[in-house]
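A closer look at the structure
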Amino acid sequence: MISSVKTLTLSILLFLSTTLMMSTFYGVHDGLTRIGFPIVFLQDTSGKCFDCDLIKWFRLSYLLVDLAFFFLLTTVLIKLYRLWKRRFS
């Protein structure tokens, strides 16, 4: 039986790996760095743009939605795994 600590750890690892793979880091090359999946929670220009306060932001609520999404996704995947394991064993 997978405990809630393992579920939380698995969801955080899934969140970090997916976020890093789906993010864009073009801020160094005169573009935007956008971090977050499925909702972008951080957007920055890495100091290349002055007077650009509208396109530089961090949204804590979007980060919390992303974390909740991955926690629910992990919970569903674990339940499906248990159902599959019970059915085929």
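Above this text you will find the structure in question.
What comes next concerns the included structure. This one's a predicted model, so the numbers in the text were calculated from it and none came from an experiment.

The rules behind these values
- Residues numbered from 1 in each chain as written.
- Predicted model: local features only at pLDDT ≥ 70, side-chain atom pairs only at ≥ 80, totals over all residues.
- Heavy atoms only, no water.
- Phe/Tyr/Trp six-rings, centres within 6.5 Å; stacked < 30°, edge-to-face > 60°.
- Helix = DSSP H or I, 4+ residues; strand = E, 2+ residues; numbered from the N terminus.
- Buried < 20%, exposed > 50% of the residue type's maximum accessible area, 1.4 Å probe, protein only.
- Axes fitted to C-alpha atoms, helices over the stretch in contact; angles between N-to-C directions.
- Parallel < 35°, antiparallel > 145°, perpendicular 65-115°, else oblique.
- Left-handed = near helix turned anticlockwise from the far one by under 90°.
- Contact = heavy atoms within 4.5 Å.
- Nonpolar A, V, L, I, M, F, W, Y, C, P; charged D, E, K, R; others polar.
- Patch = residues over 30% accessible without salt bridge, like charges linked within 9 Å, V, L, I, M, F, W, Y side chains within 5 Å.
- Areas by Shrake-Rupley, 256 points an atom, 1.4 Å probe, with all protein chains shown as cover.
- Salt bridge = Lys/Arg side-chain N within 4 Å of Asp/Glu carboxyl O.
- Pairing = 2+ DSSP bridges.
- Polar contact = N/O pair within 3.5 Å; in protein donor to acceptor, adjacent residues only side chain to side chain.

A word on the packing of aromatic side chains. Evaluation of the coordinates by the stated rule reveals 8 aromatic pairs. The interplanar angle of 50 degrees and the centroid separation of 6.5 Å between the aromatic rings of phenylalanine 37 and phenylalanine 70 together place this pair among those described as tilted. Here phenylalanine 70 lies in helix α2 (residues 60-87) and phenylalanine 37 lies in the loop between β2 (33-35) and β3 (42-44), a separation of 33 residues in the sequence. On the basis of relative accessible area, phenylalanine 37 is assigned to the partly exposed category, the value being 29%. Residues tryptophan 57 and tyrosine 62 carry aromatic rings whose centres are separated by 6.3 Å and whose planes lie at 85 degrees to one another, so their mutual orientation is edge-to-face. According to the relative accessible area criterion, tryptophan 57 is buried, its value standing at 17%. The exposure class of tyrosine 62 is partly exposed, given its relative accessible area of 33%. In this structure an aromatic cluster arises from ring pairing among Phe15, Phe37, Phe41, Phe58, Phe69 and Phe70.

With that out of the way, let us pick up the packing of helix α1 (residues 4-22) against α2. One can describe the packing of α1 onto α2 by two numbers: an axis separation of 9 Å at closest approach and a directional angle of 120 degrees. Between α1 and α2, the angle is such that the two are oblique. Where α1 crosses over α2, the two elements pack in a sense that is right-handed. On α2, the residues that touch Thr7, Leu8, Leu10, Ser11, Leu14, Phe15 and Thr18 of α1 are Leu63, Asp66, Leu67, Phe70, Phe71, Leu73, Thr74, Thr75 and Ile78. Across the contact of α1 with α2, the residue classes tally to 10 nonpolar, 5 polar and 1 charged.

For the rest of this paragraph, the subject is a nonpolar patch on the surface. Together, Phe69, Leu73, Val76, Leu77, Leu80 and Leu83 make up a nonpolar patch on the protein surface, roughly 520 Å² of accessible area in all. Looking at the secondary structure, you find phenylalanine 69 in helix α2.

This part covers the sheet that holds strand β1 (residues 24-25). The 4 strands are arranged β1-β2-β3-β4 in an open sheet whose pairing can be described as antiparallel. Both outer strands of the open sheet, β1 and β4 (57-58), are each paired with one neighbouring strand and no more. In this structure, β2 lies alongside β3, joined through 3 bridges in antiparallel fashion. Bridging from a neighbouring strand, threonine 33 pairs with aspartate 44 of β3.

Relative to the helices and strands, glutamine 43 is located in strand β3. A distance of 3.1 Å separates polar atoms of two side chains, one belonging to glutamine 43 and the other to arginine 34. Other than its neighbours up to four places away in sequence, glutamine 43 contacts Leu32, Thr33, Arg34, Ile55, Lys56 and Trp57.

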